[in-house]
Amino acid sequence: MKPLNKVLINNDTNLNPIWIMRQAGRYLPEFREIRKQNPDFINLCLNDNLASEITLQPLKRFDLDAAIIFSDILMLPYGLGQKVAFEKNFGPKLGELNLNEVIKIDEIDFVQKIHRIYKAIKKVSTSNILKEKNTIGFVGAPWTLLVYMINQQSPKKNLKKDFFKDEFLINRILLIIEKFLKIHIKNQIDYGANIIQIFDSWAGLLDEKDLPNYVYAPTLNLVNYVKSLKVPVICFPREIKNYKEFCNIVKPDAISIDYNVDPKKILDDIKIPVQGGLDPKILLTDYVNLKKEALKYLEIFKNHPYIFNLGHGILPDTNPEMVKNLIKIVKNY
Ligand code: CP3
């Protein structure tokens with residue numbers, strides 16, 4: 001059985017497998033080298049040779065237990081025909097969402113635009129390095145994708161002031177997103193992903209009263225869909241205040257926690273396997289501090305099924321040596 005499955009399916013508490021969000025990324029010089037020659041990020045994600053090579057880069061360096069496919073949650077709006085670009089020092093920039101065009105897109109158009117992601121997954125999942133390891137496929141949660149599709153940029157930069165006004169539009173787009181997310185999930189699994197993670201990076205933007213409609217219900221539909229395909233599903237509803245309620249309603253196989261939540265409270269509140277938590281900024285400090293902070297999570301979750309990870313993506317300034325140290329600390333525990 002693959003390492004993450006031991007935790008997710010067997011609730012193993014002795015093993016703390018580790019992978020790192022954004023493990024294939026800018027902190028690795030070998031990634032930056034490829035990136036420099038490929039200024040168009042979307043094209044890079046759609047280049048199955050390079051995308052699979054990038055996915056495997058961190059596994060060649062480090063003793064990680066899983067690969068996460070090199071792609072992006074915004075490949076979904078791209079597949080729906082919305083313009084998506086990534087600007088240096090700005091982040092994603094999306095074109096205007098044209099609902100009349102989007103509703104004309106069918107499954108064949110969508111898959112045609114992004115099928116090379118699936119080719120990359122096939123290459124990764126059948127590579128020798130991953131024989132005993134997991135291949136993680138992922139999607140953005142409907143809510144987070146909706147935020148990018150309507151807001152056209154990160155809400156951290158600027159949130160359109162009438163964003164929440166048109167409830168009809170929001171619900172309509174959520175349904176379209178959900179339909180295509182299911183197609184995207186099914187294809188990732190068919191081509192070799194054996195775990196799905198759902199990233200809800202902007203769940204924390206919502207008032208508590210809106211969570212059932214915009215986060216719980218659409219995510220529950222996806223979680224049930226992944227479960228019906230017999231693959232474990234991990235949810236990462238970043239910065240929500242009530243993880244317990246989320247888990248009770250959505251019932252993923254594991255919950256990934258951000259670095260602002262108190263892991264002790266999570267341990268008290270939550271019965272399902274837990275993933276992550278460590279603040280990525282800790283990797284910018286020193287070995288002694290890294291060991292102290294990593295051991296904190298390992299101690300708290302020592303009798304709980306736990307997958308080691310960070311509380312958000314690894315930062316570009318991270319020294320790869322610190323990643324090596326972290327993995328050693330976790331494996332030696
Ligand atoms: O984790 C991995 O190694 C797999 C690849 C992965 C990427 N994006 C590659 C990427 C994953 C799982 C994502 C998820 C993603 N993308 C999320 C959810 C997680 C989170 O961070 O909250 C979100 C919100 C996005 C949207 C997105 N893509 C943003 C906001 C940005 C710009 C910010 C940044 O870090 O540069 C991206 C670009 C992006 N996605 C890069 C990578 C490696 C950087 C591209 C570059 O090299 O310029």
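Predicted model only: the values in this text are computed from it and were never measured.

A. Region of interest: helix H10 (residues 211-228). Between its first and last C-alpha, H10 extends 24 Å over 18 residues, near the 26 Å set by a 1.5 Å rise per residue. Within H10 the residues assigned to the buried category are Leu-211, Tyr-214, Val-215, Tyr-216, Pro-218, Thr-219, Leu-222, Val-223 and Val-226. Buried positions along H10 lie against helix H8 (142-151), helix H9 (167-190), strand E5 (195-200), strand E6 (233-237) and helix H11 (243-250).

B. Focus on the sheet that holds E6. Overall, parallel pairing links the seven strands, which are arranged E1-E4-E5-E6-E7-E8-E9 in an open sheet. Both edges of this open sheet fall to strand E1 (66-68) and strand E9 (306-307), since each of them pairs with a single strand only. By the bridge criterion, three bridges tie E1 to strand E4 (residues 134-140) in an arrangement that is parallel. Looking at the pairing, Ala-66 lines up with Asn-134 of E4.

C. Layout of the nonpolar core. Membership of the largest hydrophobic core comes to 123 residues, with the highest contact counts inside it found for Phe-110, Phe-308 and Leu-326. The biggest single contributor to this core is H9, with ten residues. Those residues within four positions of Phe-308 in sequence are excluded, and the remaining contacts are Pro-17, Ile-18, Trp-19, Gly-276, Leu-278, Ala-294, Tyr-297, Leu-298, Leu-326 and Val-330.

D. Structural context of the site of the ligand. Neighbouring the ligand are 22 residues, the closest being Arg-22, Arg-35, Asp-72, Ser-201 and His-312. Within the backbone of Ala-24, a nitrogen or oxygen atom sits 3.3 Å from an oxygen atom of the ligand. The protein chains hide 87% of the 870 Å² of surface that the ligand would expose on its own. Secondary-structure elements contributing two or more residues to the shell around the ligand are helix H2 (29-36) and strand E3 (91-94). Residue composition of the shell around the ligand, grouped by class: 13 nonpolar, five polar and four charged.

E. Structural view of the environment of Lys-265. Relative to the elements of secondary structure, Lys-265 occurs in helix H12 (residues 263-269). Among the polar contacts made by the side chain of Lys-265, one reaches the side chain of Asp-269 at a distance of 2.7 Å.

Conventions and cut-offs
- Residues numbered from 1 in each chain as written.
- Predicted model: local features only at pLDDT ≥ 70, side-chain atom pairs only at ≥ 80, totals over all residues.
- Heavy atoms only, no water.
- Helix = DSSP H or I, 4+ residues; strand = E, 2+ residues; numbered from the N terminus.
- Expected span 1.5 Å × (residues − 1).
- Buried < 20%, exposed > 50% of the residue type's maximum accessible area, 1.4 Å probe, protein only.
- Contact = heavy atoms within 4.5 Å.
- Pairing = 2+ DSSP bridges.
- Core = buried A, V, L, I, M, F, W, Y, C linked by side-chain atoms within 4.5 Å.
- Near = heavy atom within 4 Å.
- Polar contact = N/O pair within 3.5 Å; in protein donor to acceptor, adjacent residues only side chain to side chain.
- Areas by Shrake-Rupley, 256 points an atom, 1.4 Å probe, with all protein chains shown as cover.
- Nonpolar A, V, L, I, M, F, W, Y, C, P; charged D, E, K, R; others polar.

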